[in-house]
Amino acid sequence: MQSVETTNLNFTINSGQVFLWDKAGDTWYGINGDDLLVVREPFQIISSKRQAHHFFRSDDNLTMILSDISKDNLVGKAVKQFPGLRLMRQDPFQCYISFICSSNSSIQNIRNMLKRLCARFGNKIEYEDRQFFTFPRADRLADATGKELLSCGLGFRAKYVKDAAKSVSSGKIDFEYLKGTSYESALENLKTVRGIGNKIADCILLFSLDKLESFPIDRWTQRILQKYYPKIFDSNGTKSLTEKKYTYLHEKIVEYFGSYAGYSQQFLFKLERDLNKKNWL
DNA sequence: TCATCACCTGGAGA
DNA sequence: ATCTCCAGGTGAT
């Protein structure tokens, strides 16, 4: 029987979904929007805002989902190997900005960028004599100057972040609306933002907008598909992941892995990263 | 429609 | 020490 209490925090937090979590002793501290989450064993999650939420997706029927995705042998193997790996449900704006920053960057670098954004534009809060900075609000980032964002080390992403924040503060991008609309519609909507292509949009949809059929395809995922499923996801010819090919692959993926493909992706990704001894942090 | 390439920056490896 | 290379991509030719 799987449940939220069986969450493996190390696996889950270091799975590339979130960037603003730190461990001190037996306690994890994580920034989620304007909230600080504190998690310690035995599994107990505390919110500084006393918000009742399901950050670790405890409302998912995990037993059913893990059983469903285990129909594929390799995913089944990964589920057995990493039973406590979970998807998270992050604050959408933070997720959106985080993955825009992830473009052509490394995990460590993404962490640094986001921490600087928080320190500069977020609010300071204290908890158990520790200091934290919340994630900036959209209007705060929309009002930031290009120079300020560059000084946070965002590089060419600075203008994307500012524009993206503007889109949210103006209401052009509405996360609550996107949660309620279809996967395809939400995907297209997100991709109208500069700096967001298929891969980043899929990350935002999967990690913060409850679209479990999202299956972000990046270098790693592409390698996994070619390595283990060469016949099913035949990438004949073209090397680069074009718009057309991405869409085609995603259709095949949902057809093959099912409507919880996002969970499948997380397990496959963990499996392959582990093989390559990439532990992150 | 597809392939190439530039893009800021910092960390890792030579 | 100094340099090169590259990182869970995207947008412009």
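Everything discussed here concerns the structure shown above.
Treat the numbers as computed from the prediction; the structure is a model and nothing was measured.

1. Some words on the overall build of chain A
Then, number 1: When helices and strands are tallied, chain A shows 14 helices and six strands.
Then, number 2: Against the globule reference of 19 Å for 281 residues, chain A gives a C-alpha radius of gyration of 18 Å, in line with a compact fold.
Then, number 3: A principal-axis box enclosing the C-alpha atoms of chain A has dimensions of 50 × 45 × 35 Å.
Then, number 4: Counting the 281 residues in chain A, one finds 53% classified as buried.
Then, number 5: Counting only contacts in chain A whose residues sit at least 6 apart along the sequence, the fraction spanning at least 24 positions is 65%.
Then, number 6: Accessible area for chain A stands at about 13,300 Å²; split by element, carbon and sulfur atoms hold 48% of it.
Then, number 7: Across chain A, the centroid of the 41 positively charged side chains sits 7 Å from that of the 32 negatively charged ones.

2. Re the protein's contact with DNA strand B
Then, number 1: Residues in contact with DNA strand B amount to 13 residues; listed here are only the nearest, Asn 104, Phe 156, Arg 157, Thr 238 and Ser 240.
Then, number 2: A share of 66% of the atoms of DNA strand B within 4 Å of the protein falls on sugar and phosphate groups.
Then, number 3: Interatomic distance of 3.2 Å between a side-chain N/O atom of Asn 109 and a base oxygen of DNA strand B.
Then, number 4: The side chain of Arg 157 places a nitrogen or oxygen atom 2.8 Å from a base oxygen of DNA strand B.
Then, number 5: Tallied by class, residues from the surface near DNA strand B come to one nonpolar, nine polar and three charged.

3. Thoughts on the side chain of Asp 72
Then, number 1: Turning to its location among the elements, Asp 72 is positioned in the loop between helix H2 (62-69) and helix H3 (73-81).
Then, number 2: One buried charged side chain, Asp 72, makes no salt bridge at all; its nearest oppositely charged neighbour is Lys 77, positioned 10 Å away.

4. Section: the side chain of Ser 264
Then, number 1: For Ser 264, the location among the structural elements is in helix H14 (residues 261-275).
Then, number 2: For Ser 264, the residues in contact, after removing those within four places along its chain, are Ile 69, Val 75 and Phe 257.

5. Points about the nonpolar core
Then, number 1: Phe 93, Tyr 96, Ile 97 and Phe 257 are the most contacted members of the largest nonpolar core, which has 80 residues in total.
Then, number 2: Excluding its chain neighbours within four sequence positions, the residues that come into contact with Phe 93 are Phe 135, Pro 136, Arg 137, Ala 138, Leu 141, Ala 165, Val 168 and Phe 175.
Then, number 3: Formed by 11 residues, the second largest nonpolar core is a distinct cluster that contains Leu 9, Val 18, Trp 28 and Leu 37.

6. Observations regarding the packing of helix H4 (residues 92-101) against helix H5 (residues 107-121)
Then, number 1: The N-to-C vectors of H4 and H5 enclose an angle of 135 degrees; their axes lie 9 Å apart at closest approach. When the axis of H4 is compared with that of H5, the two are oblique. Of the two elements, H4 crosses H5, and the hand of that crossing is right-handed. Residue-level inspection shows Ile 97, Ser 98 and Cys 101 of H4 in contact with H5, the latter providing Ile 110, Met 113, Leu 114 and Leu 117.
Then, number 2: Looking at the contact of H4 with H5 residue by residue, the classes come out as six nonpolar, one polar and no charged.

7. Considerations on the environment of Ile 232
Then, number 1: By the secondary structure assignment, Ile 232 is in the loop between helix H12 (219-228) and helix H13 (243-257).
Then, number 2: Along the sequence, Ile 232 and Arg 40 sit 192 residues apart, while their C-alpha atoms lie 42 Å from each other.
Then, number 3: Ignoring any residue separated from it by four or fewer positions in sequence, one finds Ile 232 in contact with Lys 252 and Tyr 256.

8. Here we look at unusual backbone geometry
Then, number 1: Positive phi, close to 55 degrees, is recorded for Arg 57, a residue that is not glycine.
Then, number 2: Mapped onto the elements of the fold, Arg 57 is located in the loop between strand E4 (44-47) and H2.
Then, number 3: The phi dihedral of Asp 129 falls on the positive side, at around 65 degrees, and the residue is not glycine.
Then, number 4: Counting through the fold element by element, Asp 129 comes out in the loop between strand E5 (124-127) and strand E6 (130-133).

9. With respect to the packing of H4 against helix H8 (residues 158-169)
Then, number 1: Where H4 contacts H8, the two axes come as close as 10 Å, and the packing angle between them is 160 degrees. Of the possible angle classes, the one that applies to H4 and H8 is roughly antiparallel. Here the hand of the crossing between H4 and H8 comes out right-handed. For the pair H4 and H8, contact is made by Phe 93, Tyr 96, Ile 97, Ile 100 and Cys 101 and by Tyr 160, Val 161, Ala 164, Ala 165, Ser 167 and Val 168, respectively.

Reading guide: rules and limits
- Residues numbered from 1 in each chain as written.
- Chains lettered and ligands numbered in written order.
- Predicted model: local features only at pLDDT ≥ 70, side-chain atom pairs only at ≥ 80, totals over all residues.
- Heavy atoms only, no water.
- Helix = DSSP H or I, 4+ residues; strand = E, 2+ residues; numbered from the N terminus.
- Rg over C-alpha atoms; globule rule 2.2 N^0.38 Å.
- Buried < 20%, exposed > 50% of the residue type's maximum accessible area, 1.4 Å probe, protein only.
- Contact = heavy atoms within 4.5 Å.
- Areas by Shrake-Rupley, 256 points an atom, 1.4 Å probe, with all protein chains shown as cover.
- Lys, Arg positive; Asp, Glu negative; His and termini not counted.
- Charge placed at Lys NZ, Arg CZ, Asp CG, Glu CD.
- Near = heavy atom within 4 Å.
- Polar contact = N/O pair within 3.5 Å; in protein donor to acceptor, adjacent residues only side chain to side chain.
- Nonpolar A, V, L, I, M, F, W, Y, C, P; charged D, E, K, R; others polar.
- Salt bridge = Lys/Arg side-chain N within 4 Å of Asp/Glu carboxyl O.
- Core = buried A, V, L, I, M, F, W, Y, C linked by side-chain atoms within 4.5 Å.
- Axes fitted to C-alpha atoms, helices over the stretch in contact; angles between N-to-C directions.
- Parallel < 35°, antiparallel > 145°, perpendicular 65-115°, else oblique.
- Left-handed = near helix turned anticlockwise from the far one by under 90°.

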